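Summary of structural features
Here is what each chain is made of, one letter per residue.
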Amino acid sequence: MIEIAEVSRYEFVDTGMLGEPSPLIVGDIQLFGNCSPCRFNQTPPSFTSNVMAITFERGNYTVSYISPIRDNHIQASFKSPYHVNISLPQEFDVQNPLLAGISPGANITLFSDNTTLIRWNNTLAVDLRFYDQGRETLLYFFLQFMVIIAVVMLLPYLITMRKKEK
């Protein structure tokens, strides 16, 4: 959900490999505000504008949509500041700094049902990398493996150092 204020248009834009705007594939678009239901017009990508947009009466709204997520990574950039809320279901987490990354200015709320809410106020960009339990297990396995390798590599050196001291 993205809160927008005093606007009449919202564009669904993804960031390309070189930072260029590219169309974001979205579905189940909903607009919430002081209207019931809130009506909007959808414009598909065209030759002049390669992004999809919705237009509506100028005002304050919340835009909700569903979009595919690649590599457990969400990025968004905006032309004007927005309030952004991202709700992660209970199978995802952002607490381990080795696996997760959150752009500055985020407020993280952990709920008792293991869901997570990440909120940015008046931000121009959002960057969120999250992980599941499988990735965390792989990280701990990898770290344990590296410790074993380090011990095996250092042990002969320490033994020879001890023999030289005698």
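Note: the structure precedes this text.
Described below are features of the structure shown in this document. (Residues numbered from 1 in each chain as written. Predicted model: local features only at pLDDT ≥ 70, side-chain atom pairs only at ≥ 80, totals over all residues. Heavy atoms only, no water.)

Overview of the overall build of the protein chain
Counted only if it meets this: Each helix is a run of H or I in the DSSP string that is no shorter than four residues. Each strand is a run of E no shorter than two, and both are numbered from the N terminus. Only C-alpha atoms enter the radius of gyration; for comparison, a globular chain is expected to reach 2.2 Å times N to the power 0.38, where N is the number of residues. Accessible area is worked out with a 1.4 Å probe on protein chains only. A residue is then buried under 20% of its type maximum, exposed over 50%, and partly exposed in between. Any two residues whose heavy atoms approach within 4.5 Å at even a single point are treated as in contact. Each accessible area is a Shrake-Rupley result for a 1.4 Å probe, and residues are judged covered by the shown protein chains and nothing else.
Counting its secondary structure elements, the protein chain contains one helix and eleven strands. For the protein chain, whose C-alpha radius of gyration is 23 Å, the value lies well above the compact-globule estimate of 15 Å for 166 residues. Along the three orthogonal principal directions, the C-alpha set of the protein chain runs to about 85 × 40 × 25 Å. Per-residue burial over the protein chain gives 30% buried out of 166 residues. In the protein chain, the proportion of contacts linking residues at least 24 apart, taken out of those at least 6 apart, comes to 71%. A total of about 11,700 Å² of accessible surface is found on the protein chain, and carbon and sulfur atoms cover 58% of it.

A word on the packing of aromatic side chains
The criterion, for reference: In this analysis, rings of Phe, Tyr and Trp, with Trp reduced to its six-membered ring, are considered paired at centre separations within 6.5 Å, and the interplanar angle assigns stacked below 30 degrees, edge-to-face beyond 60, and tilted for intermediate values.
All chains considered together, the criterion is met by five aromatic pairs. Measuring from ring centre to ring centre gives 4.8 Å for Phe56 and Tyr61, while their planes differ by 65°; the resulting arrangement is edge-to-face. The residues Phe56 and Tyr61 share a single accessibility class, namely buried. On the numbers, 5.0 Å between centres and 75° between planes, the contact of Phe92 with Phe130 is edge-to-face. Note that Phe92 is positioned in strand β7 (residues 92-93) and Phe130 in the loop between β10 (116-129) and β11 (131-132), a separation of 38 residues in sequence. For Phe92, a relative accessible area of 21% puts it in the partly exposed group. Looking at Phe130, the relative accessible area reads 3%, which means it is buried. Aromatic ring contacts, followed pair by pair, group Tyr10, Phe12, Tyr65 and Tyr82 into a single cluster.

Some thoughts on the side chain of Thr115
To be explicit about the condition: Polar contacts, as counted here, are pairs of nitrogen or oxygen atoms within 3.5 Å of one another; within protein the pair requires one atom able to donate a hydrogen and one able to accept it, and residues that are adjacent in sequence qualify only if both atoms are side-chain atoms.
Positionally, Thr115 belongs in the loop between β9 (106-110) and β10. Side-chain polar atoms of Thr115 contact the side chain of Asp113, separated by 2.7 Å. Look past the residues within four positions of Thr115 in its chain and what remains in contact with it is Leu88, Pro89, Gln90, Thr109 and Leu110.

What to know about the nonpolar core
The condition is simple: Put simply, a nonpolar core is a bunch of buried Ala, Val, Leu, Ile, Met, Phe, Trp, Tyr and Cys residues held in one set by side-chain atoms that sit within 4.5 Å of each other.
By size, the foremost hydrophobic cluster in this structure holds 32 residues, and its most contacted members are Ile4, Tyr10 and Phe12. At seven residues, the largest contribution of residues to this core is made by strand β6 (residues 73-88). For Phe12, the contacting residues outside a window of four places in its chain are Ser22, Pro23, Leu24, Val26, Ile29, Val51, Met52, Ala53, Ile54, Val63 and Tyr65.

A short note on a nonpolar patch on the surface
Stated precisely, the cut-off is as follows: Grouping into patches uses exposed residues only, defined as over 30% relative accessible area, and leaves out salt-bridged ones; the cut-off is 9 Å for like charges and 5 Å for nonpolar side chains (Val, Leu, Ile, Met, Phe, Trp, Tyr). By convention in these notes, a salt bridge is any Lys or Arg side-chain nitrogen within 4 Å of a carboxyl oxygen on Asp or Glu.
Taken together, the side chains of Leu98, Tyr140, Phe142, Leu143, Phe145, Met146, Ile149 and Met153 make up a nonpolar region of the molecular surface, amounting to roughly 810 Å² of accessible area. Assignment of secondary structure puts Phe142 in helix α1 (residues 133-165).

Comments concerning the pattern of salt bridges
On inspection of all chains with the given rule, the structure shows one salt bridge. In this structure, Glu11 engages Arg9 in a salt bridge whose closest nitrogen and oxygen atoms are separated by 3.2 Å. A relative accessible area of 25% places Glu11 in the partly exposed class. A relative accessible area of 35% means that Arg9 is categorised as partly exposed.

Shape is all these values report; function is a separate question.
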